[in-house]
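Okay, here's what each chain looks like letter by letter:
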Amino acid sequence: MSYDKVALIGLGLIASSMYWAMKRAGMAAHVSGYARSSETRETARRIGLCDTVCDSAEEAVKDADLIVLAVPVGAMGRVAEAIAPHLKPGATVTDVGSVKKAVIDEVGPHIPEGVNFVPAHPMAGTEHSGPESGFASLYDNRWCLIVPHGASEEATAALETYWQALGANTQRMEPAHHDLVCAVVSHVPHLIAYTMVGVADDLRRVSDQEVIKFSAAGFRDFTRIAASDPTMWRDVFLTNKEASLEILGRFTEELFALQRAIRTGDGDTLFDYFTHTREIRRGIL
Ligand code: NAD
C-alpha cells in the first residue's frame, strides 16, 4: 500500500528531509504541510517545500492517507487533538518524536476509531533545525524504529515500506525499550555535550576566545550536538525522565570511578577503562 496524500505537520529538519527524500524516491504522493509559525510557512513556500503549504493543520490533514507529526514531543498531544476530527477513516497517523512512551500516552487517546496510529522514530538528525535544514539523504542507511501500538499489521507494514523508500532501515521496538536505548545513544550524550559547553562558559580562567581558538582538541567534535534546538531537547528530557535519569546515574558512577582513579594516580584503572571502551568505540563506524 502506498499513500496518495501525505500531510507533514511541523516543517523542520525531520519533516523537510522527509519531503526531499520522498521527491528523490519519485513518490507520487501529494504532500501538504503545515507549521505553526507563519514565518516557517512563508519560508516553506519560498523554497518549494511541500506541494501545498496550508495555513491550518486541519486543512493540511484533509483527505490525507498518512499524517506525520513532526513537531517537538511536548506539542504532539495538542496537535493530535486539533486534527483528530478531520482525519479520514482508514488513514495512518505517525510521529517522528524522539521519545515514544510519552508520545503514545499523549497522542493515542485522540486517535479516532478506524484510524491507525503507528509511532516511529528516525534515528537520524543534525544539530540544525528549521525548514531550510532538511536534505534528501538524511535517512540513507539510518535506522527508523517503528513502535507498533495496536495498529493493524497492514498499516504498520505500509509505514515500514514508506521509511525504506526514504532510504532507512526499519526495526520494530517496544516503547519502554526504545526510550532506554535512546537515552543511552542520544539523549544523555546530548545532555553531556550541553554541560561541557556550560562548564567551559563558566570557567572564568579560560576565555571564550581560547575555547573557540583551541576547540579542535576534542571540544569541537564532542560538543557539536550542543548546538541543537533547545525546545526539542527540553521536551525530550521532560518526557523521557525515567530512562534519562537511569542512564545519567550510571554515567555519574563511571565518572566518579575515573575521578577517583585520577586523584589516586591509579593508571591501571584508567588504562584498562580506555582500552576497553576504545575497542567498543572502534566497532562503531
Ligand atoms: P525543528 O525545530 O527543526 O522543527 C519543528 C517544527 O515544528 C517547526 O517547523 C515548528 O514551527 C513546528 N512546530 C512547533 N510546534 C508546533 C505546533 N504546536 N504546531 C505545528 N507546528 C509546530 O525540529 P525537528 O528536528 O524537525 O524535530 C521534530 C521532531 O522530530 C521532534 O519531535 C524531535 O524529537 C524529532 N526528532 C528530531 C531529530 C533531530 O536530530 N533533530 C531526530 C529524530 C527525531
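Predicted model, so just to flag it, every value in this text is computed and none were measured. (Residues numbered from 1 in each chain as written. Predicted model: local features only at pLDDT ≥ 70, side-chain atom pairs only at ≥ 80, totals over all residues. Heavy atoms only, no water.)

1. Examining the domain arrangement of the protein chain
How large an interface is tends to be reported as the accessible area lost when its parts come together. Taken domain by domain, the protein chain consists of domain 1 (5-173) and domain 2 (177-282). Look at where the C-alpha atoms of domain 1 and domain 2 centre, and you get two points 30 Å apart. Taken together, the contacts link 16 residues of domain 1 with 19 residues of domain 2. When domain 1 packs against domain 2, close to 1,300 Å² is buried across both sides, 66% of that on carbon and sulfur atoms. The three residues of domain 1 that bury the most area against domain 2 are Val99, Glu127 and Met173, which together make up 39% of that side's buried surface. For the salt bridge of Lys101 with Glu242, the shortest nitrogen-to-oxygen distance reads 3.6 Å. Our count for the contact surface shared by domain 1 and domain 2 stands at 6 residue pairs in polar contact (both at pLDDT 80 or more). The residue makeup of the side of domain 1 that touches domain 2, split by class, is 8 nonpolar, 5 polar and 3 charged. (Domains from an automatic or database assignment. Contact = heavy atoms within 4.5 Å. Buried area = accessible area lost by both parts, 1.4 Å probe. Salt bridge = Lys/Arg side-chain N within 4 Å of Asp/Glu carboxyl O. Polar contact = N/O pair within 3.5 Å; in protein donor to acceptor, adjacent residues only side chain to side chain. Nonpolar A, V, L, I, M, F, W, Y, C, P; charged D, E, K, R; others polar.)

2. Here's the deal with helix H2 (residues 38-47)
By the burial criterion, the buried members of H2 are Thr40, Arg41, Thr43 and Ala44. Projected onto a plane normal to the axis of H2, the buried residues spread over an arc of 160 degrees and lie on a single side. Facing away from the buried side of H2, by more than 90 degrees, are the exposed residues Glu39 and Arg46. The secondary structure elements touched by the buried residues of H2 are strand S2 (30-34) and strand S3 (52-53). One or two positions beyond H2, positive phi appears at Gly48, with a value near 75 degrees. (Buried < 20%, exposed > 50% of the residue type's maximum accessible area, 1.4 Å probe, protein only. Helix = DSSP H or I, 4+ residues; strand = E, 2+ residues; numbered from the N terminus. Arc of directions from axis to C-beta.)

3. Some thoughts on the sheet that holds strand S8 (residues 169-172)
Pairing is mixed across the open sheet formed by 8 strands, whose spatial order is S3-S2-S1-S4-S5-S6-S7-S8. Pairing within the sheet leaves two strands with one partner each, and these edge strands are S3 and S8. (Pairing = 2+ DSSP bridges.)

4. A short note on the pattern of salt bridges
Within the structure shown, the criterion is met by 15 salt bridges. Across the pair Glu42 and Arg45 runs a salt bridge whose closest N-O atoms are separated by 2.8 Å. With a gap of 3 residues between them, Glu42 and Arg45 both fall in helix H2, about one helical turn apart. Here the salt bridges share partners, and the residues they tie into one network are Arg41, Glu42, Arg45 and Asp55.

5. Here's the deal with the site of the ligand
Around the ligand sit 28 residues in total, of which Leu13, Ile14, Val71, Ser98 and Gly130 are the nearest. One of the backbone N or O atoms of Arg36 is found 3.2 Å from a nitrogen atom in the ligand. Val71 places a main-chain nitrogen or oxygen 2.7 Å from an oxygen atom of the ligand. When the ligand is considered free in solution it has 830 Å² of accessible area, and contact with the protein chains removes 89% of it. (Near = heavy atom within 4 Å. Areas by Shrake-Rupley, 256 points an atom, 1.4 Å probe, with all protein chains shown as cover.)

6. As for unusual backbone geometry
Look at Cys50: it is not a glycine, yet its phi comes out positive at around 85 degrees. You can see Cys50 is positioned in the loop between H2 and S3. The buried category is assigned to Cys50, whose relative accessible area is 8%. At Asp63, a residue that is not glycine, the phi angle is positive and equals roughly 65 degrees. If you trace the backbone, Asp63 turns up in the loop between helix H3 (57-61) and strand S4 (66-69).

7. Examining the packing of helix H7 (residues 175-202) against helix H11 (residues 241-264)
At a minimum axis separation of 9 Å, H7 and H11 run at an interaxial angle of 65 degrees. When the axes of H7 and H11 are compared, the crossing they make is right-handed. In this structure, H7 contributes Asp179, Leu180, Ala183, Val184, His187, Val188, Leu191 and Ile192 to the contact, and H11 contributes Ala243, Ser244, Glu246, Ile247, Leu248 and Phe251. Tallied by class, residues from the contact of H7 with H11 come to 10 nonpolar, 2 polar and 2 charged. (Axes fitted to C-alpha atoms, helices over the stretch in contact; angles between N-to-C directions. Left-handed = near helix turned anticlockwise from the far one by under 90°.)

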